[in-house]
Amino acid sequence: MPLFALLLLGMFAEIAVMVAVGNAIGGLWMIALLLLGTLVGLSLVRRQGAQTMAAFSQSVFQRQQPHQEMADGVLIAAAGALIMVPGFISDVAALFLLFPPTRKLVSRRIARKAEAAALKFEHERRFGAGQVVEGEVIDVDADPVVITERREIR
C-alpha cells in the first residue's frame, strides 16, 4: 500500500509540474521539451549502458567480480524506465541516475542497506527473531558453602 501511495503522489506531482510548465511556456513547447528530454535521455541511457557493458566484460575477462558494474546496469535500466515516463520530475531523477558520480553514491547506499539486511537475516537465521538478552546462569541447587573453622588474623 505505501508503494501505491508513493506512485500516486508522484503522478500528481508530475501533472502539477507539467501544468505549471505548460502555463509558463505554452502547451506545445512543453510537449516539445518532454520529447526532447526523452530523446536526450535515451541517448544517454544507450551510451552509459554501452560503457557499463564494456566495463562488465573487462571485469569478467580479468576474473574480477563485477559488483559495481552490475549495480550500474540495474540503475541505468531504472533510469531508462524513468526516462520513458512522461514528466519532468522523472527525467531529472533519471539524469541523476545516469550521472556516474551520483549513480555511484546511490549504488553504495543500496549496497550498504543490502549488507545490513543480509546481516540481520543471518542473525535471525542463527538465533531466531527477537531481542537477545545477555545474562549469567546461576546454579541455585548447589550445596551451600559452610565454614567450619575460622582462623584469626594476626
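It should be emphasised that the depicted structure is a prediction, and the values quoted were computed from it without experimental measurement.

Caption draft 1: Molecular detail of the overall build of the protein chain. When its secondary structure is counted, the protein chain shows five helices and zero strands. Secondary structure elements in the protein chain, listed N-terminal to C-terminal, are α-α-α-α-α. Against the 2.2 N^0.38 benchmark of 15 Å for 154 residues, the protein chain shows a C-alpha radius of gyration of 30 Å, more extended than a compact globule. Every one of the 154 residues in the protein chain was classed for burial, and the buried ones make up 18%.

Caption draft 2: Summary view of the layout of surface pockets. One number sums up the size of the largest pocket: a volume of about 310 Å³. Taken together, Leu3, Leu6, Leu7, Leu9, Gly10, Met11, Ala13, Glu14, Leu82, Val85, Ile89 and Ser90 make up the full set of residues lining the largest pocket. Listing elements by their share of the lining of the largest pocket, those giving two or more residues are α1 (2-25) and α4 (88-98). Ranked by residues supplied to the lining of the largest pocket, first place goes to α1 with eight residues. Looking at the lining of the largest pocket residue by residue, the class counts come to nine nonpolar, two polar and one charged.

Caption draft 3: Quick peek at the environment of Gly37. For Gly37, the location among the structural elements is in helix α2 (residues 27-61). What makes Gly37 partly exposed here is its relative accessible area of 25%. Gly37 sits 60 residues away from Leu97 along the chain, and the two C-alpha atoms are 15 Å apart.

Caption draft 4: Main features of the environment of Leu95. With respect to the helices, strands and loops of the structure, Leu95 is situated in helix α4. With relative accessibility at 41%, the residue Leu95 sits in the partly exposed group. Taking the C-alpha atoms as reference, Leu95 lies 9.9 Å from Gly37; in sequence the two are 58 residues apart.

Caption draft 5: Examining the packing of α2 against α4 more closely. Close contact between α2 and α4 brings their axes to 11 Å; oriented N to C, the two are set at 20 degrees. As summarised for this structure, α2 and α4 are arranged roughly parallel, according to the angle between their axes. Pair α2 / α4 crosses with left-handed handedness. Contact with α2, carried on its side by Met30, Leu33, Leu34, Gly37, Gly41, Leu44, Val45 and Gln48, involves Phe88, Asp91, Leu95 and Leu98 of α4 and no other residues of that element. Class assignment of the residues belonging to the contact of α2 with α4 gives a composition of eight nonpolar, three polar and one charged.

Caption draft 6: The side chain of Arg103, seen in detail. Position of Arg103 relative to the elements: it lies in helix α5 (residues 100-127). Judged by its relative accessible area of 4%, Arg103 is buried. There is a polar contact of 3.2 Å between the side chain of Arg103 and the side chain of Gln48. Those residues within four positions of Arg103 in sequence are excluded, and the remaining contacts are Gln48, Asp72, Leu75, Ile76, Phe96, Leu97 and Leu98.

Caption draft 7: Up close: a nonpolar patch on the surface. On the surface, Met1, Phe4, Leu8, Met11, Phe12, Ile15 and Val19 cluster together to form a nonpolar patch covering roughly 740 Å² of accessible area. Here Val19 shows up in helix α1.

Reading the values: rules and limits
Residues numbered from 1 in each chain as written. Predicted model: local features only at pLDDT ≥ 70, side-chain atom pairs only at ≥ 80, totals over all residues. Heavy atoms only, no water. Helix = DSSP H or I, 4+ residues; strand = E, 2+ residues; numbered from the N terminus. Rg over C-alpha atoms; globule rule 2.2 N^0.38 Å. Buried < 20%, exposed > 50% of the residue type's maximum accessible area, 1.4 Å probe, protein only. 1 Å grid on protein atoms, 1.4 Å probe; cavity = no way out; pocket = protein on both sides within 12 Å on 5 of 7 lines; lining within 4 Å. Points joined across faces, edges and corners; volume = space filled by probe spheres on them. Nonpolar A, V, L, I, M, F, W, Y, C, P; charged D, E, K, R; others polar. Axes fitted to C-alpha atoms, helices over the stretch in contact; angles between N-to-C directions. Parallel < 35°, antiparallel > 145°, perpendicular 65-115°, else oblique. Left-handed = near helix turned anticlockwise from the far one by under 90°. Contact = heavy atoms within 4.5 Å. Polar contact = N/O pair within 3.5 Å; in protein donor to acceptor, adjacent residues only side chain to side chain. Patch = residues over 30% accessible without salt bridge, like charges linked within 9 Å, V, L, I, M, F, W, Y side chains within 5 Å. Areas by Shrake-Rupley, 256 points an atom, 1.4 Å probe, with all protein chains shown as cover. Salt bridge = Lys/Arg side-chain N within 4 Å of Asp/Glu carboxyl O.

By themselves, these observations are geometric and do not establish any function.
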